[in-house]
Amino acid sequence: MRNLILSAALVTASLFGVTAQAAEPLEAGKQYVELSSAVPVAVPGKIEVVELFWYGCPHCYAFEPTINPWVEKLPADVNFVRIPAMFGGIWNVHGQLFITLEAMGVEHKVHKAVFEAIHSGKKLATPEEMADFLAGEGVDKDKFLSTYNSFAVKGKVEDAKKKAQAYQISGVPTMVVNGKYRFDLGTAGGPEGALSVADQLIAKERAAK
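The chain is annotated in an unreviewed UniProt entry as Thiol:disulfide interchange protein of Pseudomonas sessilinigenes. Among the UniProt annotations of the chain, the heading Sequence similarities (unreviewed entry) holds the following wording: "Belongs to the thioredoxin family. DsbA subfamily." Taken directly from UniProt, the Subcellular location (unreviewed entry) text for the chain runs: "Periplasm".

J.: Would you mind showing me how to read helix H6 (residues 127–135) here?
T.: Owing to its 3.6 residues per turn, the α-helix aligns residues three or four sequence positions apart on the same side. Every buried residue of H6 is listed here: Pro127, Met130, Ala131, Phe133 and Leu134. Looking down the long axis of H6, one finds its buried residues gathered within 165 degrees of arc, a one-sided arrangement. Looking at the packing, one finds that the buried side of H6 touches helix H4 (90–104), helix H5 (107–119) and helix H7 (141–148).

J.: What is the right way to look at the nonpolar core in this model?
T.: Nonpolar side chains in soluble globular proteins tend to be buried together. Judged by nonpolar contacts, the single largest core of 43 residues is most densely connected at Val114 and Phe144. If you list the elements that add at least two residues to this core, you get strand S2 (47–53), strand S3 (78–84), H4, H5, H6, H7 and helix H8 (151–167). Looking at this core, the element that brings in the most residues is H4, giving seven residues. Excluding its chain neighbours within four sequence positions, the residues that come into contact with phenylalanine 144 are Leu97, Thr100, Leu101, Met104, Pro127, Met130, Ala131, Leu134 and Val139. Counting residues in each nonpolar core, the second largest holds 21 residues, with Phe63, Trp70, Val78 and Ala194 among its members.

J.: Quick question: what am I supposed to make of the side chain of aspartate 184 here?
T.: With respect to the helices and strands, the residue aspartate 184 is situated in strand S5 (residues 181–184). Despite its burial, aspartate 184 pairs with no opposite charge, the nearest such side chain being arginine 182 at 6.4 Å. In this structure the side chain of aspartate 184 is engaged in a polar contact, spanning 2.8 Å, whose partner is the backbone nitrogen of threonine 187.

J.: Teacher, can you tell me more about the pattern of salt bridges here?
T.: For side chains of opposite charge, pairing can occur when their charged atoms come near one another. Per the stated rule, a full pass over the model turns up six salt bridges. Glutamate 64 is the partner of arginine 82 in a salt bridge, and the nearest nitrogen-oxygen pair spans 3.2 Å. Of the two residues, arginine 82 is situated in strand S3 and glutamate 64 in helix H3 (residues 58–72); the sequence distance between them amounts to 18 residues. Across the pair, exposure class does not vary: arginine 82 and glutamate 64 are buried alike. The closest approach of N and O atoms between lysine 161 and glutamate 158, which form a salt bridge, is 3.5 Å. Here the residue lysine 161 and the residue glutamate 158 both occupy positions in helix H8, the gap between them amounting to three residues, near one helical turn. Residues participating in the shared-partner salt-bridge network are Glu51, Glu64 and Arg82.

Reading the values: rules and limits
Residues numbered from 1 in each chain as written. Predicted model: local features only at pLDDT ≥ 70, side-chain atom pairs only at ≥ 80, totals over all residues. Heavy atoms only, no water. UniProt positions renumbered as here; feature names shortened; annotations may be inferred. Buried < 20%, exposed > 50% of the residue type's maximum accessible area, 1.4 Å probe, protein only. Helix = DSSP H or I, 4+ residues; strand = E, 2+ residues; numbered from the N terminus. Arc of directions from axis to C-beta. Contact = heavy atoms within 4.5 Å. Core = buried A, V, L, I, M, F, W, Y, C linked by side-chain atoms within 4.5 Å. Lys, Arg positive; Asp, Glu negative; His and termini not counted. Salt bridge = Lys/Arg side-chain N within 4 Å of Asp/Glu carboxyl O. Polar contact = N/O pair within 3.5 Å; in protein donor to acceptor, adjacent residues only side chain to side chain.

Below, the structure written as structure tokens:
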């Protein structure tokens, strides 16, 4: 898939908790990359943490039990944002699904269910298939379909694509702190290592204020 998902060797290191790098002092070019041009954050004045993901990515799915409790405990000065990576085909379809759920204000209620459905074999490859599935999760079918095809959602899809390009991502899951620092599970040393790197970069940005 155009090498957009982490390589098998790198994923193995990530998922089996190789966290030695995370214990080392942070070093640009090692655990993370500093972007040449900072990307504007969604909420000025807050430290932004972005996770770029794809519902169909097994590594993003495996990251969920680690990142979600961490997100719930983030301090008030940190704004966490999920952005779907859209590299064409089903990536774009699932990305528009996520953005539609956000626009409807129900993403937090069904995010886990959507992940689980896709990784248990449901393709959710058409708006109609999505709507049928989501109806079983309490989401109004007609409202979903009208929102999915709305001008507002299509505009947000284009914004998400531009953000991913600005971050210069090549795989998922990838995290970006404050529009400046990009890293993934491989460079950070695994899921726990990624959150350790995020914590340290958050502290770095807080100290710089």
